[in-house]
Amino acid sequence: MLMPKRTKFRKQQRGKRRGKATRGAELNFGDYGLQATACGWLTTREIEAARIAMTRFIKRGGKIWIRVFPDKPVTKKPAETRMGSGKGNPEDWVAVIKPGRILYEMEGITEDVAKEAFRLAGHKISLPTRIIYREGRV
């Protein structure tokens with residue numbers, strides 16, 4: 001699973017989920033991309049499950065870029081714990097996603113293979129997504 005090697009602080013506040021993605025909203029590496037159309041959190045398990053689904057479908061052809069990294073710790077209190085007594089311990093890592101953010105990119109395969117691979121990956125992700133293409137591609 002993806003997670004930072006070390007962080008400056010153990011715990012973070014939840015934050016607001018509003019606005020559109022300004023950075024990471026254009027294709028930079030591949031010819032095809034999977035773009036988020038809503039805001040939310042993407043967990044390490046979702047990122048990895050989508051990556052596995054794509055790589056299994058395209059087999060040995062093409063190249064995949066993961067454009068998101070889970071750098072936000074999410075805390076959780078133990079089950080059957082009374083209210084109060086502080087914030088829970090970090091349990092999971094998430095990537096904060098805004099609408100328009102590119103999650104994955106792919107190149108070196110045909111359009112229908114990319115479409116199907118991204119469709120399979122989209123089912124593993126808890127956010128609505130769409131497939132985008134590079135302009136002027138052959």
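Residues numbered from 1 in each chain as written. Predicted model: local features only at pLDDT ≥ 70, side-chain atom pairs only at ≥ 80, totals over all residues. Heavy atoms only, no water.

## Quick word on unusual backbone geometry
And then number 1: Positive phi is not limited to glycine here, since Lys59 has a value of about 55°.
And then number 2: Positionally, Lys59 belongs in the loop between α1 (44–58) and β3 (63–66).
And then number 3: Since its relative accessible area comes to 67%, Lys59 is described here as exposed.
And then number 4: At Ser85, a position not held by glycine, the phi torsion is positive, near 55°.
And then number 5: Mapped onto the elements, Ser85 comes out in the loop between β4 (72–76) and β5 (89–97).
And then number 6: Of the residues examined, Ser85 reaches a relative accessible area of 69% and is grouped as exposed. (Helix = DSSP H or I, 4+ residues; strand = E, 2+ residues; numbered from the N terminus. Buried < 20%, exposed > 50% of the residue type's maximum accessible area, 1.4 Å probe, protein only.)

## Comments concerning the sheet that holds strand β1 (residues 32–36)
And then number 1: Taken in spatial order, the four strands of this open sheet run β3-β6-β1-β7, and their pairing is antiparallel. The open sheet is flanked by β3 and β7 (129–133), the only strands paired with a single partner. The mean inter-strand angle of the sheet, taken between neighbouring strand axes irrespective of direction, is 20°.
And then number 2: For β1 and β7, the ladder comprises five bridges, and the chain directions are antiparallel. The residue bridging Ala36 from the neighbouring strand is Thr129, located in β7.
And then number 3: Against the sheet, helix α2 (residues 111–123) makes contact with β1, β6 (102–107) and β7, and its axis sits at roughly 25° relative to β1, the strand it touches most. (Pairing = 2+ DSSP bridges. Axes fitted to C-alpha atoms, helices over the stretch in contact; angles between N-to-C directions. Contact = heavy atoms within 4.5 Å.)

## A short note on the packing of aromatic side chains
And then number 1: This structure, assessed with the given rule, holds two aromatic pairs.
And then number 2: Plain terms: the ring middles of Phe29 and Trp65 are 5.6 Å apart, the flat faces sit at 20° to each other, and that makes the pair stacked. Highlighted residues: Phe29 in the segment before β1 and Trp65 in strand β3, separated in sequence by 36 residues.
And then number 3: With 5.9 Å between their ring centres and 85° between their planes, Tyr32 and Tyr133 make a pair best called edge-to-face. With Tyr32 in strand β1 and Tyr133 in strand β7, this residue pair connects regions lying 101 residues apart in the sequence.
And then number 4: Since its relative accessible area comes to 30%, Tyr133 is described here as partly exposed.
And then number 5: Taking NZ or CZ as reference, Arg17 lies 4.3 Å from the ring centre of Trp41, over its face. (Phe/Tyr/Trp six-rings, centres within 6.5 Å; stacked < 30°, edge-to-face > 60°. Lys NZ or Arg CZ within 6 Å of the ring centre and 35° of its normal.)

## Comments concerning the packing of α1 against α2
And then number 1: Between α1 and α2, the least distance of the axes is 8 Å, while the angle of their chain directions is 150°. In terms of axis orientation, α1 runs roughly antiparallel to α2. The hand of the α1/α2 crossing is right-handed. Contacts between α1 and α2 involve Ala50, Ala53, Met54, Phe57 and Ile58 from the former and Val113, Glu116, Ala117, Phe118, Leu120 and Ala121 from the latter.
And then number 2: For the contact of α1 with α2, the residue count by class is ten nonpolar, no polar and one charged. (Parallel < 35°, antiparallel > 145°, perpendicular 65-115°, else oblique. Left-handed = near helix turned anticlockwise from the far one by under 90°. Nonpolar A, V, L, I, M, F, W, Y, C, P; charged D, E, K, R; others polar.)

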